[in-house]
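What the coordinates show
Now for the letters of each chain:
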Amino acid sequence: MRPSCDRFVPGYGDANADFHVIGDHPGIHGGAETGVPFTNEAGKRLQAALVDAGLLGTTGDEPTVNSTFVSYLHMCVPDGTPTAADYTDMERFFDAELRAIAAHVLLPVGAVATDHVLNNYTSVGWKTDIDMEALHGQEIRGSGFLVVPIKDPLEWDDDDHDELVAGLTTLQSTDFRRESDLGRFIPGDDPYLVR
């Protein structure tokens with residue numbers, strides 16, 4: 001699948017990732033120059049936190065990932081701010097990518113990505129304004145995915161980096177994979193884990 005725009009930034013990272021970092025678009029979260037999401041000023045702040053939390057091995061224009069995939073809701077490099085119709089047009093690409101990666105934990109970055117993920121990929125649904133200050137680094141259990149919203153790194157204060165790292169570190173010490181063992185329904189003792 002290829003979007004119809006001239007310039008776009010595809011997802012980057014581990015295709016079997018446990019964690020899927022989801023940004024708004026390359027105009028906000030970088031990547032237009034490097035072709036890799038989250039490589040501008042905001043992205044480098046986020047990358048540093050993800051390294052400290054163990055989700056990235058290194059930072060940079062081509063960071064080393066540890067069971068992590070990064071992408072955008074709107075992968076085209078926009079000329080200005082994308083419209084609602086632009087996001088709708090790109091939805092099929094994002095949805096296909098999200099389902100192909102099938103990460104256990106979704107990490108939407110910023111209010112637009114968080115609103116989209118909560119309303120389209122969880123059973124929670126969000127009818128009020130998204131309060132990123134309150135949601136930053138907090139676990140939200142939905143159906144099929146665990147969601148940990150991340151405040152836009154350009155808006156971080158002194159504590160946001162450490163708060164996110166602490167939340168992700170704690171999460172990784174738990175059984176965050178939402179799997180069921182269906183092996184009990186088939187012959188033998190081998191587990192058959194499904195999401």
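By the naming in an unreviewed UniProt entry, the protein is Uracil-DNA glycosylase, taken from Haloferax litoreum.

A word on the overall build of the protein. Counting its secondary structure elements, the protein contains 6 helices and 8 strands. Listing every helix and strand of the protein by position from the N terminus yields β-β-α-α-β-α-β-α-α-β-β-α-β-β. Residue burial in the protein is summarised as follows: out of 195 residues, 45% are buried.

What follows covers a negative patch on the surface. Taken together, the side chains of Asp52, Asp157, Asp158, Asp159, Asp162 and Glu163 define an acidic patch exposed on the protein surface. With respect to the secondary-structure elements, glutamate 163 resides in helix H6 (residues 160-172).

This brings us to the pattern of salt bridges. Evaluated as defined, the whole model comprises 7 salt bridges. Residue glutamate 41 is joined to arginine 45 by a salt bridge in which the shortest nitrogen-to-oxygen separation is 3.3 Å. Residue glutamate 41 and its partner arginine 45 are both found in helix H2 (residues 41-52); the two are separated by 4 residues, about one turn of the helix. Between arginine 99 and aspartate 95 there is a salt bridge, with its nearest N and O atoms 3.0 Å apart. One end of the pair is arginine 99 and the other is aspartate 95, both in helix H3 (residues 84-101) and 4 residues apart, which spans about a single turn.

With that settled, the discussion passes to the pairing of strand E3 (residues 68-72). Remark: a regular strand shows side chains that alternate across the two faces of the sheet. Burial analysis of E3 places 5 of its 5 residues in the buried class, which makes it a mostly covered element. Along E3, one buried face is formed by Thr68, Val70 and Tyr72 and the opposite face, lined by Phe69 and Ser71, is buried too. Examined bridge by bridge, strand E1 (residues 12-13) and E3 share 2 bridges and lie antiparallel to one another. Following the sheet pairing, tyrosine 12 is matched in E3 by valine 70. As defined by bridge partners, strand E2 (residues 19-23) adjoins E3 across 5 bridges and the pair is classed as parallel. Following the sheet pairing, phenylalanine 19 is matched in E3 by threonine 68.

The relative placement of two packed helices comes down to the angle between their axes together with the axis-to-axis distance. In contact at an axis separation of 9 Å, H2 and H6 are set at 40° when each is read in the N-to-C sense. The chirality of how H2 crosses H6 is right-handed. Facing Arg45, Leu46, Ala48, Ala49, Leu50 and Asp52 of H2, the residues of H6 in contact are His161, Leu164, Val165 and Leu168. Across the contact of H2 with H6, the residue classes break down as 7 nonpolar, 1 polar and 2 charged.

About the criteria used
Residues numbered from 1 in each chain as written. Predicted model: local features only at pLDDT ≥ 70, side-chain atom pairs only at ≥ 80, totals over all residues. Heavy atoms only, no water. Helix = DSSP H or I, 4+ residues; strand = E, 2+ residues; numbered from the N terminus. Buried < 20%, exposed > 50% of the residue type's maximum accessible area, 1.4 Å probe, protein only. Patch = residues over 30% accessible without salt bridge, like charges linked within 9 Å, V, L, I, M, F, W, Y side chains within 5 Å. Areas by Shrake-Rupley, 256 points an atom, 1.4 Å probe, with all protein chains shown as cover. Salt bridge = Lys/Arg side-chain N within 4 Å of Asp/Glu carboxyl O. Lys, Arg positive; Asp, Glu negative; His and termini not counted. Charge placed at Lys NZ, Arg CZ, Asp CG, Glu CD. Pairing = 2+ DSSP bridges. Axes fitted to C-alpha atoms, helices over the stretch in contact; angles between N-to-C directions. Left-handed = near helix turned anticlockwise from the far one by under 90°. Contact = heavy atoms within 4.5 Å. Nonpolar A, V, L, I, M, F, W, Y, C, P; charged D, E, K, R; others polar.

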